[in-house]
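A look at the structure
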Amino acid sequence: MSEQFQAFWLQWVEAAFPDLDSRAYFLPPVYVNRVPMTRQSVGGQDVLVLQSASGQAGQSRRSATTPSTAGQTCLPQPSRVQASDVRDDAAMQRLLFCLQRLSDQNVEIMVGLSQLKFGQYLGEPCYAAAAAKLPIPANLPSALPRSWKHGDFDVLLIHRHYGLLACQVLSFGDNIQALNMSQQDIDNNIRKKLRDAVSQLDKAEAMLSHLVSDIAPCLRITKTIAVANLTTHQFQQAISHDTQLTQDLCRCLGTSDPADIPGLCLCCDQLSDPKTPWDVTSHVMKELGHWWQRRVAGAGPDSHMTPVVYKTLVARFCGPATTVSVPCTCPPRVSVKTLGQAVWWTGECYTAVITLFPEQVHLLHTAPPTLFVTGPPGTGKTVVLLLMAIQWLRCGYPVHVMMTCKESRAACFMLYHQLLQQTPATSTTQLRLLDYDLTPPADISRMLTELSEEASKGSLHIIADEVASRHFKSFCEKLPEIPNLHFWAASVYHGDAPAGWPVEIFTRPLRSPPTVVREVEQDPEISEYKDVETYAGRDVPDHTDGPPVRRLYHRGEGHSVERSVDCATCGLEVASVLRSLHVGQPIGAPSTAATTVGAPDPTPCLQWKDVLVLYWYDVSDSSGAVTAMREAGIPVRLMRVEDAEDVATRSSDVVWVADGALVRGLGRKVVVLLEYSDVNFAALSSLRLHAMSRCTSQLVIIYPEE
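Residues numbered from 1 in each chain as written. Predicted model: local features only at pLDDT ≥ 70, side-chain atom pairs only at ≥ 80, totals over all residues. Heavy atoms only, no water.

**Let's talk about helix H11 (residues 339–351)**
- The terminal C-alpha atoms of H11 lie 18 Å apart, and with 13 residues this matches the ideal 18 Å at 1.5 Å per residue to within 8%.
- Of all 13 residues in H11, 10 are buried, a share of seventy percent or more.
- By the burial criterion, the buried members of H11 are Gly340, Gln341, Ala342, Val343, Trp344, Trp345, Thr346, Gly347, Cys349 and Tyr350.
- Elements that come into contact with the buried residues of H11 comprise strand E9 (325–326), strand E10 (334–335), helix H17 (514–520), strand E22 (668–673) and strand E23 (695–703). (Helix = DSSP H or I, 4+ residues; strand = E, 2+ residues; numbered from the N terminus. Expected span 1.5 Å × (residues − 1). Buried < 20%, exposed > 50% of the residue type's maximum accessible area, 1.4 Å probe, protein only. Contact = heavy atoms within 4.5 Å.)

Here it is as structure tokens:
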């Protein structure tokens, strides 16, 4: 049975990491941060409210008041996140950004794991019987202290040529000024942290030596320390007068010369700027390269690391029997190893649970009768409309969801069906969908009469999302005096606000990871024309920076036609990206032997309906890219205006190919821009604003040849 399991682990690894022999992989593929938040009840709905690590609300455009906790639910609160947790995550993420860039530039063949606990190695219960039959059991031998089984690897690199590298990451140093510490206290703290790091690395080396002893007992194990917020000078100064610490560091790092110690560690001099950790500059790459040569590559390849040993180690440490979990707000924990799983989980982090900032919860508590909510995409406008409508329904008021143009149909269909799901007792007499279109030659007088008749019954409660129509403002100003009018509307365009209505501006991103937000905020309507408010800092950590944007190019062999939407080769490349994310196809399944001891819980995977392919030109069912995707086995359907409800409700498990204007307000984990060009701005106006912003995880952009 053990042999069958190990064979399955190897097969799983080959399927999950098809380029294992030619590139680097990191597990998890995106680093997931611990995010400080509390759980509250708003309108009877479970809501996660983002907080700063110190527990104070961040500041938005208007001064925020933290709501009372009296409305909290009895459900378990998320784990408390300390300021030190946030600092540790930030330091770890910077290091991983740099290592990933280094591996890409140098074409390093390795697998990197972050925050892997010793007990997670071959720790999946369904594989316990197989793990127990290995020559070397997963648990530590009795000769080592029992407390060591609770250790972990901050960062562990399994390199195809250089063996194993264990790295301990220290975050101390970024808050020195805020703490107003003396130089002596600073040095004492640095020394303490370094002594702890040496101890942790000793544990890591002992554990690694034990775990790989049946595979390659003499495999090279290299150790290093990353002090992400201290300069080389600060590091050197702190250890210069501590003889014992210097000796311990020399032993740990494998050098006899104390002067070598700082160069064998990573200091902030060799890492990206903490304000823009994703931007690994050429200068940083040069410094990283020098460190890599000194610490890792300088010793040359390890003869014990053969191709078979490398793949076996990856199968043990990264295969299905070892847990690679990420922080999550609620059980069960999720194992994230492949990019497809990371894309799925990133989307879940941003959309699975209603999440708001404290000032938005306060707004719902105060609830003015009329309100215009504006701000860039993904800042919580739709969520606030949804929760306000739920509160009205719970109070017994009929609620009208009003469309205002074809661009608002999908968003309003989504709101309507979410209200039906959130308030199952709601009948169609309490919730009504107003299929209005205010663009000429609309019969505005009929609509006004209809609303007046509804108001005559006692009150009128309306929500309208994506009111991106210049006619909405004049429509509202024509509304007759209605004593009990409650009308909340939202648009990315602040200029659509009706005269006299209070306006609330949301600018802190909620729905998309920073990789997507950084693309959206470049749209000229935000950055140049100021028709849309600019994004503000969250003041709260993001769940993750998100998967890197995939950039494809309509050029080269096979790209013979003018437009990418007509290009079969581009369609095949999109299909290849979706296949690489294992959309609709979980990676492998346990072997027959595994099922006899209980198969693991299946890791969720992306579905076809998690994908949108968007365009801004005319596209038909016979367009080259669409045809090629279909022939490659991708279930694609071209969206028409009448498909808005199906797309909004995710009823069909297909990849919708849609005009970006028709899916405003929606979100999908994978968004492919079938054609994008900064050159032809007139034709592709607001493509970043209305198309890229639909993405909640993996953004794919096809650029034209130019």
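**Some thoughts on the sheet that holds strand E12 (residues 370–374)**
- Strand order across the open sheet formed by six strands is E14-E13-E15-E16-E12-E17, with parallel pairing between neighbours. Two strands in the sheet have a free side with no partner beyond their single neighbour: strand E14 (431–434) and strand E17 (503–505). Strand-to-strand, the axes of this sheet are offset by a mean angle of 20 degrees, without reference to chain direction.
- Note that strand E13 (residues 399–402) and strand E15 (residues 460–464) share two bridges and pair parallel. Bridging from a neighbouring strand, valine 401 pairs with isoleucine 463 of E15.
- Running over the sheet, helix H16 (residues 470–478) touches E12, E13 and strand E16 (485–491) and is turned about 170 degrees from E16. (Pairing = 2+ DSSP bridges. Axes fitted to C-alpha atoms, helices over the stretch in contact; angles between N-to-C directions.)

**Section: the nonpolar core**
- Counting residues in hydrophobic clusters, the biggest one holds 75 residues, and the most contacted among them are Leu419, Trp488 and Leu699.
- For this core, the leading source of residues is helix H13 (residues 381–394), giving nine residues.
- By size, the runner-up hydrophobic cluster in this structure holds 71 residues, among which are Ala131, Leu164, Leu170 and Ile221. (Core = buried A, V, L, I, M, F, W, Y, C linked by side-chain atoms within 4.5 Å.)

**Quick notes on the environment of valine 657**
- Tracing the backbone through its elements, the reader meets valine 657 in strand E21 (residues 655–659).
- Looking at valine 657, the relative accessible area reads 0%, which means it is buried.
- The spatial distance from the C-alpha of valine 657 to the C-alpha of leucine 673 is 9.8 Å, given a sequence separation of 16 residues.
- When sequence neighbours within four positions are dropped, the list of residues in contact with valine 657 reads Val613, Tyr615, Val626, Met629, Val636, Arg637, Leu638 and Met639.

**Side note on the environment of valine 561**
- By secondary structure assignment, the location of valine 561 is in the loop between strand E18 (550–553) and helix H19 (568–580).
- Each C-alpha atom, one on valine 561 and one on glycine 624, is 9.3 Å from the other, the two residues being 63 residues apart in sequence.
- If we skip the residues at most four places from it in the chain, valine 561 touches His554, Asp566 and Cys567.

**A word on the sheet that holds strand E3 (residues 45–50)**
- Across the sheet, which stays open at both edges, the three strands sit in the order E2-E3-E11 with mixed pairing between neighbours. The open sheet has two free edges, formed respectively by strand E2 (37–42) and strand E11 (355–356), since each of these has just one partner strand.

**What to know about the pattern of salt bridges**
- As enumerated under the stated definition, the model contains 26 salt bridges in all.
- Between arginine 195 and aspartate 242 there is a salt bridge whose closest N-O contact spans 3.2 Å. Here aspartate 242 lies in the loop between helix H6 (232–239) and helix H7 (243–253) and arginine 195 lies in helix H5 (residues 183–211), a separation of 47 residues in the sequence.
- Overall, arginine 195 belongs to the partly exposed group, its relative accessible area being 39%.
- Relative accessible area serves as the criterion here: at 15%, aspartate 242 is assigned to the buried category.
- Taken together, the salt bridges that share partners define one network made up of Arg432, Arg446, Glu450, Glu454 and Lys457. (Salt bridge = Lys/Arg side-chain N within 4 Å of Asp/Glu carboxyl O.)

**Details of the confidence of the model for the protein chain**
- Per-residue confidence for the protein chain averages 89 on the pLDDT scale, and 89% of its residues sit at or above 70.
- Across residues 589–601, where pLDDT falls below 50, the model places 21 contacts with residues more than four positions away in sequence or in other chains. (pLDDT = per-residue confidence, 0-100.)

**Describing the packing of helix H1 (residues 2–16) against helix H10 (residues 307–318)**
- As a packed pair, H1 and H10 sit with axes 9 Å apart at the nearest point and diverge in direction by 95 degrees. Taken as axis vectors, H1 and H10 run roughly perpendicular relative to one another. Mapping the contact onto sequence places Gln6, Trp9, Leu10, Trp12, Val13 and Glu14 in H1 and Lys311, Thr312, Val314, Ala315, Arg316 and Cys318 in H10. (Parallel < 35°, antiparallel > 145°, perpendicular 65-115°, else oblique.)

**A word on the side chain of lysine 669**
- Structurally, lysine 669 is set in strand E22.
- Judged by relative accessible area, lysine 669 falls into the buried class, the value being 7%.
- Not counting residues up to four positions away in its chain, the partners in contact with lysine 669 are Val343, Trp344, Gly347, Glu348, Leu606, Asp610, Cys695, Thr696, Ser697 and Gln698.

**Brief notes about the packing of aromatic side chains**
- Applying the stated rule across the entire model yields 15 aromatic pairs.
- An aromatic cluster of at least three residues, connected via ring pairs, comprises Phe5, Trp9 and Tyr127.
- Across the ring face of tyrosine 553, the terminal group of arginine 555 is positioned such that the distance to the ring centre comes to 4.4 Å. (Phe/Tyr/Trp six-rings, centres within 6.5 Å; stacked < 30°, edge-to-face > 60°. Lys NZ or Arg CZ within 6 Å of the ring centre and 35° of its normal.)

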